[in-house]
Amino acid sequence: MAGCLLIGIPGLEYLHIWLSIPFCTMYVAALASNSILICVILSQPSLHEPMYIFLSMLASADVLLSTATMPKALANFWLGSSHISFDGCLTQMFFIHFLFVADSAVLLAMAFDRYVAICSPLRYATILTSTVIGKITAATLTRSFIIMFPSIFLLKRLHYCRVNIIAHTFCEHMGIARLSCSDISINVWYGLAAALLSTGLDIILIAVSYIRILRAVFQLPSQDARSKALSTCGSHVCVILLFYIPALFSVFAYRFGGRFIPSYVHILLANLYVVIPPMLNPIIYGVRTRPILEGAKQMFSNLAKECN
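On a predicted model such as this, the values are computed, not experimentally measured, just so you know. (Residues numbered from 1 in each chain as written. Predicted model: local features only at pLDDT ≥ 70, side-chain atom pairs only at ≥ 80, totals over all residues. Heavy atoms only, no water.)

(A) Focus on the overall build of the chain. Assigned secondary structure in the chain consists of 11 helices and three strands. Each helix (α) and strand (β) of the chain, taken in turn from the N terminus, gives the series β-α-α-β-α-α-α-β-α-α-α-α-α-α. Taking 308 residues into account, the globule formula puts the C-alpha radius of gyration at 19 Å, and the chain, at 21 Å, falls close to it. Taken along the three principal axes of its C-alpha coordinates, the chain extends 65 × 50 × 35 Å. In the chain, buried positions account for 49% of the 308 residues. Accessible surface, the chain as shown: approximately 14800 Å² in total, 70% of it carbon and sulfur. (Helix = DSSP H or I, 4+ residues; strand = E, 2+ residues; numbered from the N terminus. Rg over C-alpha atoms; globule rule 2.2 N^0.38 Å. Buried < 20%, exposed > 50% of the residue type's maximum accessible area, 1.4 Å probe, protein only. Areas by Shrake-Rupley, 256 points an atom, 1.4 Å probe, with all protein chains shown as cover.)

So this is what it looks like as structure tokens:
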């Protein structure tokens, strides 16, 4: 194939310019807030703890995920730049799904961190050592690569003989597969299995972790301790729901809801889940986590002193 044409949001082409305004605003806000969060965590030694290290990993994955999609979508909205090479389309598809699976794994790691901190506080420092965090990071990247790399070969093996138009703002696995005139049942079932065995398993383990966390929290003798633990866990649950609900709706709607759900609905949701969680995560953690607020104040205070 010479390349693909990403036509944006079908049925809403006349609104592309107007839609680009909130999408661009959210993307810039996500870049700025996550960059600040990463700088705060890196610059403050008091934040060099597992919880904040995982949070910086989440912020990094969020920046990369939104950057893998939004610049091309905005170029399409503003300039009508819809063409993308086939290899470029495969590359974008790989990194979007790779980063989504990595994001999910980081959320699982954060749930495990809170589980250990609340259910086994005396063993926290001995369980979550720097070596263990390094292994978790390596496992996250390795798992994401192993899950998503075969999808490139599953798409390369197909014979493409149809019009190379993708009704989306970015390239994703099933959007590319549907350009083929070959049997794509393997692609359908592989994509579904990959989603269920990675993200689905993560959701189950996260749910189990928070059920056990809540049981432990309500057994704490101190009201202040319970409030603090619930506040921290509440932040995590908000981030988890923001990430999974629109993403999973988009995944299943694209595969099974084509007859019942207008295409522009799941394409809008697909675009929203790559910018809204990255934009809101730093705000949720920044507002609800005092050490991050204090670290941000200290970092900007130090910058002001250096400028003066």
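(B) Spotlight on the state of the cysteines. In total, this model carries two disulfides according to the counting rule given. Cys161 shares a disulfide with Cys181; S-S distance 2.0 Å. Of this pair, Cys161 sits in the loop between helix 5 (130–156) and strand 3 (165–166) while Cys181 sits in the loop between helix 6 (173–177) and helix 7 (185–217), placing them 20 residues apart in sequence. Taking relative accessible area as the criterion, Cys161 reaches 46% and is therefore assigned partly exposed. (Disulfide = S-S within 2.5 Å.)

(C) Layout of the nonpolar core. Counting 87 residues, the largest nonpolar core has Leu107 and Ile176 as the members making the most contacts within it. Each residue touching Ile176, except ones within four places of it in the same chain, is listed here: Phe86, Cys89, Leu90, Met93, Leu155, Tyr160, Ile166 and Cys171. (Core = buried A, V, L, I, M, F, W, Y, C linked by side-chain atoms within 4.5 Å. Contact = heavy atoms within 4.5 Å.)

(D) Spatial organisation of the UniProt feature "transmembrane region" (unreviewed entry) in the chain. Residues annotated in UniProt with the feature "transmembrane region" (unreviewed entry) correspond here to residues 15–40, 52–74, 94–112, 124–149, 188–211, 232–254 and 260–280. In the segment residues 94–112, helix accounts for 100% and strand for 0%; the C-alpha atoms at its two ends are 27 Å apart. Counted over residues 124–149, helix gives 92% and strand 0%. Its end C-alpha atoms are 35 Å apart. (UniProt positions renumbered as here; feature names shortened; annotations may be inferred.)

(E) Focus on a nonpolar patch on the surface. A cluster of nonpolar side chains, contributed by Ile17, Trp18, Ile21, Trp78 and Leu79, occupies part of the molecular surface with about 630 Å² of accessible area. Among the elements of the structure, helix 1 (16–43) and helix 2 (50–79) are those that each provide at least two residues to the nonpolar patch. Here the nonpolar patch takes three residues from helix 1, the largest share from any one element. Within the secondary structure, Leu79 sits in helix 2. Overall, the relative accessible area of 72% leaves Leu79 in the exposed class. (Patch = residues over 30% accessible without salt bridge, like charges linked within 9 Å, V, L, I, M, F, W, Y side chains within 5 Å. Salt bridge = Lys/Arg side-chain N within 4 Å of Asp/Glu carboxyl O.)

(F) The packing of helix 1 against helix 11 (residues 290–307), seen in detail. Their axes nearest at 9 Å, the elements helix 1 and helix 11 cross at an angle of 85 degrees. For the element pair helix 1 / helix 11, the angle class is roughly perpendicular. The segment helix 1 lies against helix 11, with Ile36, Leu37, Cys39, Val40 and Ser43 engaging Ile292, Gly295, Ala296, Met299 and Phe300. (Axes fitted to C-alpha atoms, helices over the stretch in contact; angles between N-to-C directions. Parallel < 35°, antiparallel > 145°, perpendicular 65-115°, else oblique.)

(G) Quick peek at the pattern of salt bridges. Here the structure, examined in full by the defined rule, presents three salt bridges. Across the pair Lys156 and Asp87 runs a salt bridge, and its minimum N-O distance is 3.1 Å. Placement of Lys156 in helix 5 and of Asp87 in helix 3 (residues 86–119) is noted, with a sequence separation of 69 residues between them. The partner of Asp202 in a salt bridge is Arg143, with the nearest N and O atoms 2.7 Å apart. Placement of Asp202 in helix 7 and of Arg143 in helix 5 is noted, with a sequence separation of 59 residues between them.

(H) Fine view of helix 3. In this model helix 3 runs 49 Å from its N-terminal to its C-terminal C-alpha over 34 residues, within 8% of the 50 Å that 1.5 Å per residue would give. Along helix 3, 26 of the 34 residues are buried, which leaves the element largely enclosed by surrounding structure. (Expected span 1.5 Å × (residues − 1).)

(I) Representation of the packing of aromatic side chains within the structure. The final tally for this structure, using the stated rule, is 10 aromatic pairs. Members of the aromatic cluster, connected to one another through ring pairs, are Phe94, Phe95, Phe98, Phe145, Phe149 and Phe153. (Phe/Tyr/Trp six-rings, centres within 6.5 Å; stacked < 30°, edge-to-face > 60°.)

(J) The sheet that holds strand 2 (residues 83–84), seen in detail. Strand order in the open sheet formed by three strands is 2-1-3, with mixed pairing between adjacent strands. Edge positions in the sheet fall to strand 2 and strand 3, since each of these pairs with one other strand and no more. Two strands pair when backbone bridges link them, and strand 1 (residues 4–6) and strand 3 are joined in this way by two bridges, in the parallel orientation. Note that in strand 3 the partner of Leu6 across the bridge is Ile166. (Pairing = 2+ DSSP bridges.)

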